[in-house]
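Commentary on secondary and tertiary structure
Listed here are the chains, written in short residue letters.
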Amino acid sequence: MNKLLMEENDRLQKQVSQLVYENGYFRQHTQNTTLATKDTSCESVVTSGQHHLTPQHPPRDASPAGLLSIAEETLTEFLSKATGTAVEWVQMPGMKPGPDSIGIVAISHGCTGVAARACGLVGLEPTRVAEILKDRPSWFRDCRAVDVLNVLPTANGGTIELLYMQLYAPTTLAPARDFWLLRYTSVMEDGSLVVCERSLKNTQNGPSMPPVQHFVRAEMLPSGYLIRPCEGGGSIIHIVDHMDLEPWSVPEVLRPLYESSTVLAQKTTMAALRQLRQIAQEVSQSNVTGWGRRPAALRALSQRLSRGFNEALNGFTDEGWSMMGNDGIDDVTILVNSSPEKLTGLNLSFANGFPAVSNAVLCAKASMLLQNVPPAILLRFLREHRSEWADNNIDAYSAAAVKVGPCSLPGSRVGSFGSQVILPLAHTIEHEEFLEVIKLEGVGHCPEDAMMPRDMFLLQLCSGMDENAVGTCAELIFAPIDASFADDAPLLPSGFRIIPLDSGKEASSPNRTLDLASALEIGPAGNRSSNDYSVNGGNTRSVMTIAFEFAFESHLQENVASMARQYVRSIISSVQRVALALSPSHLSSHAGLRPPLGTPEAHTLARWICHSYRCYLGVELLKSSGEGSETILKTLWHHSDAIMCCSLKALPVFTFANQAGLDMLETTLVALQDITLEKIFDDHGRKTLCSEFPQIMQQGFACLQGGICLSSMGRPVSYERAVAWKVLNEEESAHCVCFMFMNWSFV
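Residues numbered from 1 in each chain as written. Predicted model: local features only at pLDDT ≥ 70, side-chain atom pairs only at ≥ 80, totals over all residues. Heavy atoms only, no water.

The name an unreviewed UniProt entry gives the protein chain is START domain-containing protein, with Vitis rotundifolia as the organism.

1. Some words on the overall build of the protein chain
Each helix and strand counted, the protein chain has 17 helices and 31 strands in total. Out of the 747 residues belonging to the protein chain, those deemed buried represent 51%. In the protein chain, once contacts between residues fewer than 6 apart in sequence are set aside, the share between residues at least 24 apart is 65%. Counting only carbon and sulfur atoms, one obtains 53% of the accessible surface of the protein chain, whose full area is about 33900 Å². (Helix = DSSP H or I, 4+ residues; strand = E, 2+ residues; numbered from the N terminus. Buried < 20%, exposed > 50% of the residue type's maximum accessible area, 1.4 Å probe, protein only. Contact = heavy atoms within 4.5 Å. Areas by Shrake-Rupley, 256 points an atom, 1.4 Å probe, with all protein chains shown as cover.)

2. Describing empty space enclosed by the protein
A complete count under the given rule lists seven cavities of 30 Å³ or more for this structure. As for the second largest cavity, its lining consists of 19 residues, of which Asp142, Leu167, Leu245, Tyr258 and Lys267 are closest to the centre. Every element with two or more residues in the lining of the second largest cavity is listed here: β9 (176-187), α4 (255-258) and α5 (261-284). Considered class by class, the residues forming the lining of the second largest cavity number 14 nonpolar, two polar and three charged. (1 Å grid on protein atoms, 1.4 Å probe; cavity = no way out; pocket = protein on both sides within 12 Å on 5 of 7 lines; lining within 4 Å. Points joined across faces, edges and corners; volume = space filled by probe spheres on them. Nonpolar A, V, L, I, M, F, W, Y, C, P; charged D, E, K, R; others polar.)

3. Some remarks on the packing of helix α3 (residues 126-134) against α5
One way to put it is that α3 packs onto α5 with a least axis distance of 10 Å and a crossing angle of 130 degrees. In terms of their interaxial angle, α3 and α5 are classed as oblique. Crossing hand, α3 versus α5: right-handed. Contacts between α3 and α5 pair Arg128, Val129, Ile132 and Leu133 from the former with Ala272, Gln275, Leu276 and Ile279 from the latter. (Axes fitted to C-alpha atoms, helices over the stretch in contact; angles between N-to-C directions. Parallel < 35°, antiparallel > 145°, perpendicular 65-115°, else oblique. Left-handed = near helix turned anticlockwise from the far one by under 90°.)

4. A closer look at the nonpolar core
In this structure, Val129, Leu133, Trp139, Phe179, Ile237 and Leu276 are the most contacted members of the largest nonpolar core, which totals 50 residues. Of all the elements, α5 adds the most residues to this core, at ten residues. Core analysis: the next-biggest nonpolar cluster, separate from the first, contains 47 residues, Met324, Met456, Ala564 and Met713 among them. (Core = buried A, V, L, I, M, F, W, Y, C linked by side-chain atoms within 4.5 Å.)

5. Observations regarding the packing of aromatic side chains
Scanning the entire structure with this criterion turns up 14 aromatic pairs. Here the aromatic rings of tryptophan 389 and phenylalanine 478 are separated by 6.0 Å at their centres, their planes lie at 35 degrees, and the arrangement is tilted. Here tryptophan 389 is found in the loop between α8 (375-384) and α9 (392-399), whereas its partner phenylalanine 478 is found in strand β23 (residues 474-480), with 89 residues between them in sequence. Among the aromatic residues, those joined into a cluster by ring pairs are Trp389, Phe478, Phe496, Phe548 and Tyr567. Sitting over the face of the ring of phenylalanine 478, arginine 386 holds its NZ or CZ atom 4.7 Å from the ring centroid. The residue whose ring lies beneath arginine 715 is phenylalanine 746, and the NZ or CZ to ring-centre distance is 4.1 Å. (Phe/Tyr/Trp six-rings, centres within 6.5 Å; stacked < 30°, edge-to-face > 60°. Lys NZ or Arg CZ within 6 Å of the ring centre and 35° of its normal.)

Given below as structure tokens:
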């Protein structure tokens, strides 16, 4: 592939050079003719007492001949970016080369606006590739609509289209964007297919698009797709996205989102490549999944979830949304929609005649700024610990908008977290997005018998859980589904979107642990200030947007609005509490000037652990360790098995763990103290522990058979065997109990 791309690059660069030369000649000729007639290149402007010369370009001709001229110019500029040096390109941060790589991705450095470029090989014919990429709403989740308003054929067999495109706003804190575009499709002499686009502005003698309310008009600079057929099938594709998103129109805190080429690459350029690879894989493999659904149907469900969430988040008036007044505090915005289109499919009845009639939909939405919390980590917590933020009564209310009944869903569990079971449906080729069904056990009540609990089901879309991806937006979007789980089931999506505002790569570990190993060094390094750890943790910011939808009867509007407002506020409080616990700044403030492992108490505890193990089991815990307490602590900290201590209280809690133990529990030294011993075991493990605990206290140790335990994030962890022993202090009295889990791994 690399050799193929290098040959392609050389060929195209020669072709671009010729086109640039010809275009420059014609442009020079045109400018000379215009200047000879009249000089309108600038006009005098006086602002604040200062004299400026402001460039004023004459309007471009938008007649068919003028549009063809603009189209040819767009083609030349696009090719110079796609294969030339019109833009200075640098490698996309965090991209890993290799056979599984999505392609070669680069971002702009120092150009107007934001730009990204990608090159890849896909197993689809050029015409099919062009067809997919032109259908931007099918793969670009931020794209609300693309309307083709005019089509002009060209003499060379190409097509000029005039497009009006709208993009959703990703948060409640910024307006949506729209574009007035020219798109030019043509076939080059070598058989390559080119689709290029640019914004039309300052034109005359032709169609135009006036400003649209609630949208900020953004600019697309020459962009597009160069698609070359490969021998034996497939295509090599070059993609360029270049935009000016008008960052002046958003709050300053959000401007990095609109000024980042990395964000553009993740959301647009790479999304296009992923869609092509996904469809190519579906074409080459079985058309039916294990759930009996075609991949295209599952992609359509994902698209409907995402689109419904974006519509609720933006609340456009042309969709029927109107804003309600607040309760004196404007932290949560309430929108109401009574349009028939929004309610289609929601007015279903229960089998026994009890009505579930709703004639309106309400959306409660809010945004909040988060500091030093990786979006992927927070999203994983929200996904796996629903009970920490969700209200069962609200879930049951939401489920009442769809019909109830037995729901028999095939497939195996991917995980069980309390009363929540995750059943996988599908995932994209790079596992960056998951579609799943969430079974909430015993949440709702049967309409036939209010005392009988029933299960409810959510269709859930989860993306952005890769901690190493740069600039990736993390989303958790879900909607109650009915018992039939039909492809056209009515959906009222709700959920969370977490967008990083800093494009810098996270340098810290996913588990948010401090760099305690380096802090064990003897000398000045052991006295580093807590601020030093913020470098590893990354002084990152992100914005979280929350939107929840509820179907209701119009006469209950005030009651439902009050309920929704309070519910979103309670979720915000829960998220803030979790974010604080996950933030490295929170850890540093507790750690003081020295991490816990640098204290004399930690060295003493390490000696007690090793001494007690030798006394009770007759062997050394550490194979090679010196007599110094620093050496013992270092060796214990780096031990490959998970070692952790818990208190001897009525409800034992963990007080210490080595690095492997923290990794296994997916926690930190500070948060460790909030985890009880019984929380990490399932029912079988708790019974075993209860039977063995007296032996540990009397005999001093016990060997436990292998089994399954749970991390603090609810992930199942298997271990081959475990040893527990009593840790004695200097007075030979019990200080704590130590556990060592051997050969552990996440299931």
